[in-house]
Each structure stands twice: as structure tokens, then as C-alpha cells.
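Spelled out, the chains give:
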Amino acid sequence: MQGLSLRVRGIVQGVGFRPFVFQLAERHGLAGWVRSTSSQVEIEVEGSGEALAGFLRDLRECAPPPTRIDEIESEDRPASGYGSFEIVEGHFDPGWQSIPPDTATCDACLEETLDPSDRRHRYPFTTCAHCGPRFTIVQELPCDRSRTTMACFEMCEDCRSEYEDPRGRRFHAQAIACPACGPRVWLQWPNGEPVEGDPIDACAALLAGGRIAALKGLGGFQLACDATDAEAVERLRTGKQVYGEPFAVMVPDLDWARRLCEVTPAEIEALKSHERPIVLLRRRPGGGVAEQVAPGSNTLGLMLPQTPLDHLLLRGFDGPLVMTGGNLGEAPIADGNREASERLSATADVFLFHNRDIYARYGASVVRVMGDTAVPIRKARGCAPTPLQLPLSAAQDILAVGGRKKSTFCMVKGSQAVVGPHIGNLENLETLEQYEASLKLFARLLELEPGIIAHDMHPDYPSTHLAHEYPAPSALRVVVQHHHAHVVSAMAEHGVRDPVIGVAYDGTGYGTDGAIWGGEILVADWKSFQRAAHLRYAPLLGGEAAIQKPYRMATGYIWSLCAACEVDFEEYLGRIPIGERILLRRQFETEVNTPPTSSCGRLFDAAAALLGLSTEALYEGQPAVELEAAADPAVDVVYPYDILRDGEGWIIDPAATLRALWCELRAGRPIPTIAAAFHNTVADFTRNVCVAVREKYGLKKVVLSGGCFQNALLTRRILDGLSDDGFEVLTHRVVPPNDGGISLGQAVVAYALTEGI
Ligand SMILES: [Zn+2]
Ligand SMILES: [Zn+2]
Ligand SMILES: [Zn+2]
């Protein structure tokens, strides 16, 4: 007889891990106990050496999702003669606790839901310890039914016996429910009158008839319509007041995904993952989805059903459904029945309600597979909060408030970081309120008492104000430059502390010189950075307005960088209405509301505008999405550019690139060729600058961060170029490359600046 004492860390709380350990111990004939503590699960087991080895192997290899084991600490100890194996009462310290994310319905629960002889047949709230809602219903930690929005549903006899059985799948499954005791769904018209028949089937039939439905989902309301019905999609766009931005589509199963899009094995894995994100896929021509779903894009955001309700609805409908957040414009998603009725009744023809409250509301998560890596674009429902082990130990709690448009916050306690869910554009007042509510919830759940609060350098970001107003008067406020935060966010997720070359290609970020940065190559460590190279400044005519009107960016480039080019841009400029052209020229000359920018995102805007792809950007980054969609990846042409010496560093001048692009267009070269050559050119100058930086600083590691790395073609080209040149290149896997990731970088920079390393 031997004994083992184990400590397991990772996502092991609220995910059915203890009953899994219990069953595993019984299977191997071991005695002992398992219990949860705030930060880990502790196990003592004893038995023969062979049985212990088998137990340890299965523990590592067989834990069902969403369990994620990051670390097992194991220690031999003498056997104490336990008679059996037991799950014992947890031990929770105040302070750090993990918050389990919501998880897609597991296969076993789906089978029950579809089995006519099962007591949960067609029950839309079927869950077990391994699947179902967690984060969206938890009010207090540790996660226990009495502290969730399930508390008001008294368990029936049958559910209680499942809840208490450590050999079953529902031992301590906090959201356990059945038709006899749990929440229920109903379908009603906007005037409150019920719709006859089975609510889910009736809803599917109405959707098939071209109606728009508001559905109460896991993290808030969703609006749904038939994705093949152009008229319904158009009506949904008008009602939701969202015009260019693509809608996501939910399909019943993988066969449907393959019918609509080209999917690689890595993309199938991403679709099937228990986070159930929207996966951006290459659209198959003639797949049948209406053009209005994702106008101008060759990609489609697909997802598989996440909840039993989704499964039942999609099976009833048997086709692709547009599934988009139940909000209008940029307001947050509605989460209450009454709120949804009030806000959505002009858009939705019918409401599928249920009576389980949503405690925390979040939109869907989005990933894009690049190579074999699923790169997060937006982390919300299903994959947030994101826990992360950092190679540091903070003496004080740290709060980092993120950016502006794709805002998240990050909290650090000791060596643990949690990045909160994507919330949205903080310039929308209601979104800001939701951000504050979410921040408050996390601070309470994690008992955060920040001694350090990190924020962006931009003086007017709502998050900057929030950092100053946060009720911790003695906390030290630390300013972090936007692109430094980007680069360090990528370093932190890879556990890298030594200096790297950081390529930060981005939309906008406030620079140390007051200009708008975004085409930056930094030499950075956690504490500081040097601006080794950047894109040459071009005027942002009219400030933010230039983002919505990409031709303004092209005009700014023509007048500034390309002024000396012996190329006739008159034809291009002639397309701008004369009144606006005069106004822009005045702005250009007086520099009123016209900050200089080195943004790489804006360079993409200018290129797309010159090619006539985007006259108006209905959402930030749309021109780049269209430029990528247009590009023919087989083309390997590179356009010229200049790299100029600037004191200690370099300036990348893309004037020759834009000139070449315009001449090629006028010479009748096809747009797919030009669009690809533009991507290749950006990759080419990136590589050349990185080589120069490597020679000067002796650095071989490059990290890629910033919103431009949502562009798969650009990412692949830069990655391939740098790898060919012998660089070690690190990209994002845990937090998004866009501003959804910067809170993590801010927290780590603030730590390095205040506590030193
Ligand atoms: Zn399940
Ligand atoms: Zn029940
Ligand atoms: Zn950024």
C-alpha cells in the first residue's frame, strides 16, 4: 500500500471534476478523498503502486471537457488506511476563486434530450456537471445552486437523487433541472398573447415562414431569422440598425457547416469545441445563404448549437439560422423578458421566453483558425472569463481597464490573471454601464482590492476616466502605451519576459508623441519599449471621421506622402464631391482635427479605398476585410516601398506602394492580384525591418499583436516571411490580437513598472 497526495490546478471547479475523480478512484480500487479549495482540487489516494499509476494516467488523460488541467503537483506519502473514497466538504479561502465558463451541451445530455423514453425528452434545460450554464447564472462564489439564478427552482425527488449521487453525471450539477421542477419555455406574440402548440416547433415553423424571432439564450436575447431568406435578413438589419457588419449563422450540424463553407480539420475542432464560438470560415459559392448575411465578405461566421434549446430549434428548422445579439445598434444585449419585449418588439415578430434569469449577459465568442491555431477574435460567452497563470507574483492586486472599442478588463492576484469577457464599445453609454456592472461583479467574486490600476495613455478613453474614478483612492494609477500593451499581452500569454521585437499593427492607439500610432515595430520588454520603426505619418483628415470614410485616408496619403509622386491621382480625387474636397484640403493645410497617424489599419483603409472596394466603412476594419476577401493568395508579387533612416530607428514609407497599386489598377490589372500584392508588400517590409532590428539589437524573437492580425492572409504572409528568415514568431492563442487583449498587457506592464522584475 502506497499513498499519493495531489494538487490539481486549471479549470477544475464547477465542471464535474470531483465526481470524475471519485469514479476514477473507484474504478482503480483506491481509497482516500477529494476536495475543492479556492485555487485547486486536492486529492489523497492510496492503493497498490500499479493502481496509483493507472489513476494518475487517467487523471491526466481522461478528464472530460470543459475540465482543463494545467498542473498536477504530486507527492508520495505513507498510506493512512482509508476505508473508501469520498468527496469531502470544500475548503474556501477568501480571495482567489475560479469562475467556470458556460459550456455547450455534452453528447450525453443531447442524447437524453432526443430520446423519447427519457424523462428529459425535448427538455431545453437539460444539463449535467460537465455542461450547461455556469458563469451567466452565478451570483456568488463558490458556485452553488443557492447562489445561482436556479435557486428559485426547487429540485424534484428524481433530480435530488441524481444531484446526490457521486457515481452519476449530475453529482452537484448546480443547474440540474427537469420538466417536473425546472425552468420552462413559452412562445408569445409581441402583444403578449401565447402562440399555440409546442413552443419550439412553433417557433421553427414561424422562422421558416420568414418571421424574426427573439430568443432568450444563455447570455442574453438573440434575434434569429432564416439565413436563406434575403427579405427576412434585410428586415432584421433594418430593425437592428446594423448595416455592414456580418451576421453569424447557426447550423444544425457539421454537415450543414460543410455545405455552406469550406472547413479544415482545425476549423471543425474549433466549431465542436465546448466554448461553441462563432468560427469565421471561407464561404462556399452557391451555399444558399443570403448575400445580406455578410455583405462583401468571402467569409461566414458559423456556429453549432450550444444549448439543448438551440439543438431542438435547429432540428425543427432544419437549416441555417441567422443568430445575432438581441440589441439595437451598439447597445448591450437585452437580458430580461420585459426589457426584451420593450426593446425588440418593433423588430421581432415572436418571442421565445423562458423563466430562468440571466445574471451576467454576454454575446457570442468568435475565433478564426489561422494554420492550425484557433485565434480568438472575441472572447465572451463560453470562453470568458479567461484564467491565465502568469510568470510573476504580484504583491498587490492589479486591475487593468483595457481600451475603448473592444473593451475587456483584466484582474491579477498573485500569479493568476483573469481576463473578463468582451463587452463592446465603451462610447455607448449603456455598454459602459454594462462594463461597470461586469467589473463590479468580478471584483466582488474575486474579492479584488486593487493596489495598482492600469489604463491606456489616451486621456479621453472612457476606461481611462473609469480607472481614475475606481473606488480605490490609494491605488497607484499606471499609464500604459497602447502598443506596448499589445506586445506585452502576447509576451505574457507565452510566458516570455526577455526583450522581443514586437510588431503591433493596429487601428488606433495613442502614442507618446500625441500622434495616433498603429504601425509600430517595438523593441520591448515588460517594463519599457523603444520605437524601433513605424509607418510614416499620414494625416487623419477629420480625425475619427476618416475611419468611417476610407477615401479620406487615401486622400490624406495622396496629399502628404504621394505629393511628390509623378503619378496622376487627379482621377481618384475627382470622385470626391467638390465641397468635401475643399473642406478636406483646408483640414489638411491647417491640420485642424487632423492628427498624424502611423496606423497600419488606416493604410489598409487607404489601399481598399484606392481600389474602390470601400467607400464607406460601416464598421472599423471593414475595408481591410474586403481587401483580404478580394486577394488572390496565389499571387506573390511585391510592390516597392522605402525604408528611411530616422535617428536611431527606421520609418517605413508606403508611398511607392500606393503609387504602384494605383498604376496597376489603371493599367487594368485585376483587383485580386493587386490586393494580394499589397498584403505581400506589408509582409515584405515587416520582414526587412525586423531583420534590421535583429542586427542592431540581437533579438530573434518576434511577437505579432494588434487588430490587423485578425487578417489571416496578412498573418500568414508575415509569419512565413519571418520564419523563413530564422525568427521565432509568437502569435496570440489565449487573448485576442485586437484591443480585447490589451488589458492583459496593461496589467503586466503595470506590474513590471511598480513591483519591478
Ligand atoms: Zn451534459
Ligand atoms: Zn427535476
Ligand atoms: Zn489596439
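Keep in mind it's a predicted model, so treat the numbers as computed, not measured.

Right, let's get into the coordination of the zinc ion (ligand 1). Only C106 (SG), C109 (SG), C128 (SG) and C131 (SG) from the protein reach the zinc ion (ligand 1) as donors, at distances of 2.3 Å. With four donor atoms in place around the zinc ion (ligand 1) and angles of 103 to 118 degrees between them, the coordination shape is tetrahedral. Taken in chain order, the donor set of the zinc ion (ligand 1) reads C-x2-C-x18-C-x2-C. With relative accessibility at 0%, the residue C109 sits in the buried group.

So, on to the packing of helix 5 (residues 199-208) against helix 9 (residues 308-317). Interaxial distance between helix 5 and helix 9 falls to 8 Å at its minimum, and their mutual angle equals 50 degrees. Our classification of the angle between helix 5 and helix 9 gives oblique. Along this stretch, helix 5 crosses helix 9, giving a crossing that reads as right-handed. Two secondary-structure elements touch here, helix 5 through I200, C203, A204, L207 and A208 and helix 9 through L309, L312, L313, G316 and F317.

Further remarks concern the coordination of the zinc ion (ligand 2). Coordination of the zinc ion (ligand 2) by the protein is provided by C156 (SG), C159 (SG), C178 (SG) and C181 (SG), with metal-donor distances spanning 2.2 to 2.3 Å. Here the zinc ion (ligand 2) binds four donor atoms, and the angle range of 103 to 116 degrees at the metal identifies the geometry as tetrahedral. The sequence pattern describing where the donors of the zinc ion (ligand 2) fall on their chain is C-x2-C-x18-C-x2-C. In this pair, C156 is assigned in the loop between helix 3 (107-114) and helix 4 (157-163) and C181 in the loop between helix 4 and strand 6 (185-188), connecting sequence segments 25 residues apart.

Within the structure shown, the criterion is met by 16 aromatic pairs. An angle of 40 degrees between the planes, with centres 5.6 Å apart, marks the rings of W559 and F588 as tilted. Residue W559 is located in helix 15 (residues 550-559), and its partner F588 is located in helix 17 (residues 578-590); the two are separated by 29 residues in the primary sequence. As far as burial versus exposure is concerned, W559 and F588 are alike and both buried. Of the aromatic side chains, those joined through ring pairs into one cluster are F135, F409, Y435 and F442. Lying across the ring of F247, R237 places its NZ or CZ 4.1 Å from the centre. A cation sits over an aromatic face here: R531 above W517, 3.7 Å from the ring centre.

What follows concerns empty space enclosed by the protein. Counted by the stated rule, this structure contains three cavities of 30 Å³ or more. Roughly 150 Å³ of internal volume is contained in the largest cavity. In this structure, the largest cavity is lined by 16 residues; those nearest its centre are P124, L218, T307, P308 and R356. Tallied by class, residues from the lining of the largest cavity come to six nonpolar, eight polar and two charged.

Right, let's get into the domain arrangement of the chain. Under the domain assignment, the chain is made up of domain 1 (2-87), domain 2 (95-183) and domain 3 (185-354). Look at where the C-alpha atoms of domain 2 and domain 3 centre, and you get two points 25 Å apart. Tallying the contact residues gives 14 residues for domain 2 and 16 residues for domain 3. Across the domain 2 to domain 3 interface the summed buried area is about 1400 Å²; carbon plus sulfur atoms make up 66%. Its largest share of buried area at the contact with domain 3, domain 2 owes to A104, R122 and P124, together 38% of the area lost on that side.

Once that is clear, we can look at the packing of helix 19 (residues 622-630) against helix 21 (residues 671-697). Where helix 19 meets helix 21, the closest approach of the two axes is 7 Å, and the angle between their N-to-C directions is 115 degrees. What the angle tells us is that helix 19 and helix 21 run roughly perpendicular. For helix 19 against helix 21, the interelement crossing comes out left-handed. Contacts between helix 19 and helix 21 involve L627, E628 and A630 from the former and I671, P672, A675, F678 and H679 from the latter.

Attention now goes to the pattern of salt bridges. Applying the stated criterion across every chain, the model contains 42 salt bridges. R170 is the partner of E112 in a salt bridge, and the nearest nitrogen-oxygen pair spans 2.5 Å. Separated by 58 residues along the polypeptide, E112 in helix 3 and R170 in the loop between helix 4 and strand 6 bring together distant segments of the chain. What makes E112 buried here is its relative accessible area of 15%. With a closest N to O distance of 3.7 Å, R575 and E571 form a salt bridge. Residues participating in the shared-partner salt-bridge network are E112, R119, R120, E162, R169 and R170.

Right, let's talk about the sheet that holds strand 17 (residues 386-400) for a bit. The strand order 18-17-19-20 describes an open sheet built from four strands, whose pairing is mixed. Across the chains shown, the open sheet's two edge strands, defined by having one partner strand only, are strand 18 (410-419) and strand 20 (476-480). Between one strand axis and the next, the sheet turns through 55 degrees on average, direction left out of account. Where strand 17 lies against strand 18, eight bridges are found, and the strand directions are antiparallel. Along strand 18, the bridge assignment pairs P387 with V418. Across the sheet, helix 23 (residues 742-755) touches strand 17, strand 18, strand 19 (450-456) and strand 20, and the angle it forms with strand 17 is around 45 degrees.

Once that is clear, we can look at the sheet that holds strand 2 (residues 31-36). Taken in spatial order, the five strands of this open sheet run 4-1-3-2-5, and their pairing is mixed. The two strands at the open ends of the sheet, each matched to only one other strand, are strand 4 (68-77) and strand 5 (85-87). Direction aside, neighbouring strands of the sheet carry axes that sit 15 degrees apart on average. In this structure, strand 1 (residues 2-11) lies alongside strand 3 (residues 41-47), joined through seven bridges in antiparallel fashion. By the bridge assignment for strand 3, G3 is matched with E46. On the sheet, helix 1 (residues 17-27) packs against strand 1, strand 2, strand 3, strand 4 and strand 5 and is oriented at approximately 175 degrees with respect to strand 5. Contacts from helix 2 (residues 49-62) reach strand 1, strand 3 and strand 4, with the element oriented near 5 degrees to strand 1.

This part covers the environment of H486. With respect to the helices, strands and loops of the structure, H486 is situated in helix 13 (residues 482-493). C-alpha separation for the pair H486 and G502, spaced 16 residues apart in sequence, amounts to 8.6 Å.

This brings us to the layout of surface pockets. Here the second largest pocket defines a volume of roughly 760 Å³. Looking at the lining of the second largest pocket, the elements that each hand over two or more residues are strand 4, helix 8 (265-272), strand 16 (373-378) and strand 17. For the lining of the second largest pocket, the element with the highest residue contribution is strand 17, accounting for four residues. The residue makeup of the lining of the second largest pocket, split by class, is 15 nonpolar, six polar and seven charged. Mapped onto the domain boundaries, the lining of the second largest pocket takes at least three residues apiece from domain 1 (2-87) and domain 3 (185-354).

Conventions adopted
- Residues numbered from 1 in each chain as written.
- Chains lettered and ligands numbered in written order.
- Predicted model: local features only at pLDDT ≥ 70, side-chain atom pairs only at ≥ 80, totals over all residues.
- Heavy atoms only, no water.
- Donors = N, O, S within 2.8 Å, 3.2 Å for Na, K, Ca; no water.
- Tetrahedral: all angles 85-135°; square planar, octahedral: opposite > 155°, others 65-115°.
- Buried < 20%, exposed > 50% of the residue type's maximum accessible area, 1.4 Å probe, protein only.
- Axes fitted to C-alpha atoms, helices over the stretch in contact; angles between N-to-C directions.
- Helix = DSSP H or I, 4+ residues; strand = E, 2+ residues; numbered from the N terminus.
- Parallel < 35°, antiparallel > 145°, perpendicular 65-115°, else oblique.
- Left-handed = near helix turned anticlockwise from the far one by under 90°.
- Contact = heavy atoms within 4.5 Å.
- Phe/Tyr/Trp six-rings, centres within 6.5 Å; stacked < 30°, edge-to-face > 60°.
- Lys NZ or Arg CZ within 6 Å of the ring centre and 35° of its normal.
- 1 Å grid on protein atoms, 1.4 Å probe; cavity = no way out; pocket = protein on both sides within 12 Å on 5 of 7 lines; lining within 4 Å.
- Points joined across faces, edges and corners; volume = space filled by probe spheres on them.
- Nonpolar A, V, L, I, M, F, W, Y, C, P; charged D, E, K, R; others polar.
- Domains from an automatic or database assignment.
- Buried area = accessible area lost by both parts, 1.4 Å probe.
- Salt bridge = Lys/Arg side-chain N within 4 Å of Asp/Glu carboxyl O.
- Pairing = 2+ DSSP bridges.

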